Amino acid sequence: MADSSTPPPFGKGPKKDGPPSRGGLGPVRQFFLDLDARLNAALYAFWAWLRGLWDDYSTFMDRFHVSGFRRFAVEGMSEAATLGTCGAVLMLALAIPAFNETTDEDWLKRSELAVTFLDRYGNRIGERGIRHNDSVPLEEMPDHLIKAVLATEDRRFYEHFGIDLAGTLRALTTNVRAGGVLQGGSSITQQLAKNLFLSNERTIERKVKEAFLAIWLESRLKKNEILKLYLDRAYLGGGSYGVDAAAQFYFAKSARDVSLAEAAMLAGLFKAPTRFAPHVNLPAARARAS
């Protein structure tokens, strides 16, 4: 008689209903495996689409393929365009602080800084401080005075757009050969921008701001208005700003009445008023005027 405790032969035991064995897949694992398969298929399809797009782009760009000398020319222009764009962005970033100075609507106005002393009858007996007078119209200034200033400061004033590129290149070449600063390449508009908005510091940042402000002034004002402002705002030594105040200080007369020699001396003061002022160094002033 067979023992009831003996296990049945392999594969012939009774079938039992119940949960899957440990080797089966539960619903959670089945979900993640399905999700993984879908993601893999989607990534493969996306990669295939990108590869096809790149092949189409390469086929299209092959039409513009150049070789030899033309290739070097194209690459050179491409590099120049890239560097030019980067330089323009950099200069614009440097110029933005300067444009903040133009937000003041009263930038064309100037307060009187001189103090005039009068006697008990209202007669002027003296003055102290900065002298400034912009009451003389440009049309009433002598022609030889205007031409003397243009000849020494900016001969192409009526031709450029605010920046004299030829003059700047000439000054740069001269200074490099001399190993120092012998000539200034700033136009009258650039010098006016410096006098109105900036300081006298010699930095690249200031020169960039000066150039942008010069173009801005050219877009806002006429040439004669810029010239009039320059003649009225430039410092000419002795605490005098403008040609009329300087003529009053040096020659005791209005700018309307200066002679040719006096106009030449006034024009020579724009470059270095403290060095060429007649009351400081008369021989240097005469040499500069000559």
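First things first, this report covers the structure right here in the doc.

Cut-off values and rules
Residues numbered from 1 in each chain as written. Predicted model: local features only at pLDDT ≥ 70, side-chain atom pairs only at ≥ 80, totals over all residues. Heavy atoms only, no water. Phe/Tyr/Trp six-rings, centres within 6.5 Å; stacked < 30°, edge-to-face > 60°. Buried < 20%, exposed > 50% of the residue type's maximum accessible area, 1.4 Å probe, protein only. Helix = DSSP H or I, 4+ residues; strand = E, 2+ residues; numbered from the N terminus. Contact = heavy atoms within 4.5 Å. Axes fitted to C-alpha atoms, helices over the stretch in contact; angles between N-to-C directions. Left-handed = near helix turned anticlockwise from the far one by under 90°. Nonpolar A, V, L, I, M, F, W, Y, C, P; charged D, E, K, R; others polar.

All right, on to the packing of aromatic side chains then. Inspection of every chain in the model, using the stated rule, returns nine aromatic pairs. Ring centres 5.4 Å apart and planes at 75° place the aromatic pair F31 and F32 in the edge-to-face group. An identical accessibility class is assigned to F31 and F32; each is exposed. Arranged with centres 5.2 Å apart and planes meeting at 20°, the rings of Y230 and F270 form a pair that is stacked. Pair noted here: Y230 is in helix α7 (residues 223–233) and F270 is in the loop between α9 (260–268) and α10 (273–276), with a separation of 40 residues, a long-range link. The pair Y230 / F270 is uniform in exposure class, with both members buried.

On to α9. Turning to α9, its buried residues are E262, A263, M265, L266, A267 and G268. As for α9, its buried residues are in contact with α3 (143–153), α8 (243–251), α10 and α11 (282–289).

Right, let's get into the packing of α8 against α9. At a minimum axis separation of 11 Å, α8 and α9 run at an interaxial angle of 115°. The handedness of the crossing between α8 and α9 comes out as right-handed. From α8, V243, A246, A247, Y250 and F251 reach across to α9, where they touch E262, M265 and L266. Classifying every residue of the contact of α8 with α9 by side-chain character gives seven nonpolar, no polar and one charged.

Worth remembering: the numbers are spatial, not functional.
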